[in-house]
Each structure stands twice: as structure tokens, then as C-alpha cells.
Amino acid sequence: MAGQISGPVFGQMTAGGGAQRGDFFLCDVFDAIPKNDLASMEHPLFSLGTRPDRRILNYEHNGAEITVVPSVKGLATIHDKDILIFCISQLMAAVNAGRQVSRTLHLTAHDLLVATNRETSGDAYRRLREAFERLAGTRITTNIVTGGQEVTSGFGLIESWEIVRKARGGRMVNVVVTLSEWIYRAVLSKSVLTLSRDYFRLRKPLERRIYELARKHCGRQDSWQISVEVLLKKSGSASPRRVFRKMLRDMIAAQPLPDYAMEELPGDLIRFSQKHAVLDNSQRPPVLSARTLEQARSLIPGVDVYALEAEWRAMWVRSGAPRLRRPDAAFLGWVKKRTAE
């Protein structure tokens, strides 16, 4: 990544070489915590297909109405959404640090690929370009509220994109992306949730979508349950219910989701529960002091320290929940190690 936050960096170069402040935001936040907007976590806006999907999607649930229309390139996929997550994460880190932001972002393609756990091969850059094309071409009409506003409108997930610098072989290096007003409102109103970094390790589209729903609805609760029928509808999967149920049972057997365990209940229900919820009293997550969290914030300016704390606790659980004599020191040591990587 480009480096740690060093203060506001935004502007637009004019023909004379000057800069107009506030016209764009430079994605330069080191190791930004992954963030996703609430609306697209709640409702199915992305295709779960791995081949070009040219269906027109219609969805209605509890007053929310959505129509998603593809371009000739097909619908934007849930893997294409990595671009939006990267942009939202960068903007939220800047907002939390008190920096000025813009819905037009300058980003480095290599940083985006690395941050979203992708290869940096020539083929990866080609796929990234195709993802930009699908995001810009997919049109959404909806009345979903973002930033406290319910406005029925049509828009692309990104308004525009442009390769501003290429490598010698034609590979994109720097890209300018302008987000839709709809997505940008979600950022400014902080209508976002933190994702596990392991989200980007989920390769199957349905696993990613199910994780989003579990993160949105289970959140920090011990558990959340939902019928297979409603889960099928909210996932946006095109599979018949019996096939969808079989895929869920395969997920239950594999338990691939970060942070959440899945189980099937009588009555055609699926329950999601916190993976650390099975710990006994001797293994309760360590409590950190407010002073320690403030020290962590000073080590990584602009970071969401509560998300950082949650990530550290998840790592602690995965390592067997060892007893810590000095949890504050252990946490700060982990943070310092991360900043040095």
C-alpha cells in the first residue's frame, strides 16, 4: 500500500499544473480496515454468478424495491464489489481521521489488488478492468434509504472510471473512480459496517453473500436465525430452493465464514452464532483499557480502533484463547507488529 496517513491529500491537477482542492481524494491509507455499506449488505444488488449474468433482477422485501439492469458486459458481481469495499474503506479511514473526502478517488490498481487478496498478474489486471466496466454499466433503480434519505432513483454503482496511467505493457497503474451519490451518502452518514479481513479469502460468491447477511443481522449478538426461504430471497441466489439448501448444508459442514458458525435447525431454519460464543468463563475475551485503545489510535492514525480490537480478539480466539497476563501490552505489541509489516 502507499503508506500511512500523513494528512489531507486531495486535489485535481489543472492544465497549468495547479491543484483545485477538494475535487478528488487520493487513496493513500495504509492497511485501511475493510468497510461495507449497510444497504448492499442487506439487499441483493450483485450477481452471484461466475459467468456473464444478463438477467434483469427484481427484488422487493419489507418496503424495499430494487431493479438491477445489466449492461452488455453483464451484471456487477459480488467479486466486483471488492472495488467498492476498497473505496469505502479508504474514505471511512479518512473521515474518521478528520480528513476531507470526495466521491472521486485516485487509486493505485496494485494497492487495490493487494488489499483485496488478489493476484497481481497480468490476468488479474484484465479482470479488474472488466469489473470496473460491469460496475459502471449495471444500473439500479431503488427506493432504499442511504444517509437518511429515501429517494427513488436510478444510478450506476460507480458513476465513471478512467485509467490515467498505464505501465509500458498497457497494464493499468493509476485509476480515477467516481462513486455514485448513493454510495457516497452512505459513507458520509457512516452507514457502514466493518468486515473481517478474511472476507477477501472467501472465493465462492454465495459464501461472501451469506457472510454479509450474517455480519449485518447477527453483528455482535450471540446468534441470529432465518428461514431458508427468506435467506434464499435475501441472498439473491438464482438456485432452486433444494439446491440452495444443499449449498447451505455444504457450508455448515465446512464452516468457512469468518467469525460466524452456521447450523441447521428444525423448521427449515438456519442459525448463525458467534464462533467465540462457545468459550467458557475462563476464556472470556480480554478487556482493554481506554488508554490502550488511544495508544493504538496514535500508532495507526485514522484507524477504527474498535474494529482493530475485534480483529485482535478474533486472532486470540483462533490461537486457542490463551490466558494473557498483560492483555494491553499484548494488544499494543500486535498493533506495532502490524504497522511494521
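This report concerns the structure included in the present document. (Residues numbered from 1 in each chain as written. Predicted model: local features only at pLDDT ≥ 70, side-chain atom pairs only at ≥ 80, totals over all residues. Heavy atoms only, no water.)

### Observations concerning the environment of Thr-50
Structurally, the position occupied by Thr-50 is in the loop between helix H1 (38-42) and strand S3 (57-61). C-alpha of Thr-50 to C-alpha of Lys-204: the two residues are 154 residues apart in sequence and 9.2 Å apart in space. (Helix = DSSP H or I, 4+ residues; strand = E, 2+ residues; numbered from the N terminus.)

### Focus on the state of the cysteines
Scanning the entire structure with this criterion turns up zero disulfides. Between Cys-27, a cysteine without a disulfide, and Cys-87, which holds the nearest cysteine sulfur, the sulfur-to-sulfur distance is 5.5 Å. Residue Cys-27 is classed as buried on the basis of its relative accessible area of 6%. (Disulfide = S-S within 2.5 Å. Buried < 20%, exposed > 50% of the residue type's maximum accessible area, 1.4 Å probe, protein only.)

### Some thoughts on the pattern of salt bridges
Considering all chains together, one arrives at 25 salt bridges under this definition. Here Arg-103 and Glu-159 are joined by a salt bridge, their closest N and O atoms 2.9 Å apart. In this pair, Arg-103 sits in the loop between helix H2 (81-96) and strand S5 (104-108) while Glu-159 sits in strand S8 (residues 158-166), placing the two residues 56 residues apart along the sequence. (Salt bridge = Lys/Arg side-chain N within 4 Å of Asp/Glu carboxyl O.)

### Looking at the environment of Ile-140
With respect to the secondary-structure elements, Ile-140 resides in strand S6 (residues 139-142). You can call Ile-140 buried: its relative accessible area is 1%. Sequence separation between Ile-140 and Pro-70 is 70 residues, and the spatial gap between their C-alpha atoms is 8.9 Å.

### Side note on H2
In this model H2 runs 22 Å from its N-terminal to its C-terminal C-alpha over 16 residues, within 8% of the 22 Å that 1.5 Å per residue would give. For H2, the tally of buried residues reaches 14 of 16 residues, placing the bulk of the element in the interior. In the segment just after H2, Gly-98 is the residue with positive phi, at about 80°. (Expected span 1.5 Å × (residues − 1).)

### Points about the packing of aromatic side chains
This structure, assessed with the given rule, holds eight aromatic pairs. Centroid distance Tyr-199 to Phe-200: 5.4 Å. Interplanar angle 75°. Geometry classified as edge-to-face. The buried category is assigned to Tyr-199, whose relative accessible area is 0%. The interplanar angle of 45° and the centroid separation of 5.9 Å between the aromatic rings of Tyr-199 and Tyr-211 together place this pair among those described as tilted. Taken together, the residues Tyr-199 in the loop between strand S10 (192-194) and helix H6 (205-217) and Tyr-211 in helix H6 connect sequence positions twelve residues apart. Residue Tyr-199 shares its accessibility class with Tyr-211, and that shared class is buried. Cluster of aromatic residues (ring-pair linked, three or more members): Tyr-199, Phe-200, Tyr-211 and Tyr-260. A cation over a ring is seen here: Arg-208 above Tyr-199, with NZ or CZ 4.8 Å from the ring centre. (Phe/Tyr/Trp six-rings, centres within 6.5 Å; stacked < 30°, edge-to-face > 60°. Lys NZ or Arg CZ within 6 Å of the ring centre and 35° of its normal.)

### As for the nonpolar core
A general tendency of soluble globular proteins is for nonpolar side chains to be buried together. By size, the foremost hydrophobic cluster in this structure holds 75 residues, and its most contacted members are Leu-179, Ile-210, Leu-231, Leu-248, Met-262 and Phe-272. No other element matches H2, which puts nine residues into this core. Discounting residues that sit within four places of it in the chain, Leu-231 has contacts with Ile-210, Leu-213, Ile-226, Phe-244, Leu-248, Ile-270 and Phe-272. Grouped together as the second largest cluster of nonpolar side chains are 14 residues, Ile-300, Val-305, Leu-308 and Phe-331 included. (Core = buried A, V, L, I, M, F, W, Y, C linked by side-chain atoms within 4.5 Å. Contact = heavy atoms within 4.5 Å.)

### Thoughts on the sheet that holds strand S13 (residues 269-274)
On the basis of which strands lie adjacent, the open sheet formed by three strands has the order S11-S13-S12 and antiparallel pairing. Bordering the open sheet on either side are strand S11 (223-227) and strand S12 (260-265), each of which pairs with just one other strand. Put simply, the sheet's adjacent strands are angled 20° from each other on average, direction ignored. With five bridges joining them, S11 and S13 adopt antiparallel strand pairing. Note on S13: the bridge partner recorded for Trp-224 is Phe-272. Across the face of the sheet, helix H7 (residues 228-235) comes into contact with S11 and S13 while running at roughly 90° to S11. (Pairing = 2+ DSSP bridges. Axes fitted to C-alpha atoms, helices over the stretch in contact; angles between N-to-C directions.)

### Comments concerning helix H8 (residues 241-254)
Along an α-helix, a turn takes 3.6 residues, which lines up residues three or four apart on a common side. Helix length check: H8 (14 residues) gives 20 Å between terminal C-alpha atoms against 20 Å at 1.5 Å per residue, within 8%. Within H8, burial applies to Phe-244, Arg-245, Leu-248, Met-251 and Ile-252. The buried side chains of H8 occupy one side of the element, clustering within an arc of 115° when seen end-on. Facing away from the buried surface of H8 by more than 90 degrees, the exposed residues are Arg-242, Ala-253 and Ala-254. Considering only its buried residues, H8 is in contact with H6, H7, S12 and S13. (Arc of directions from axis to C-beta.)

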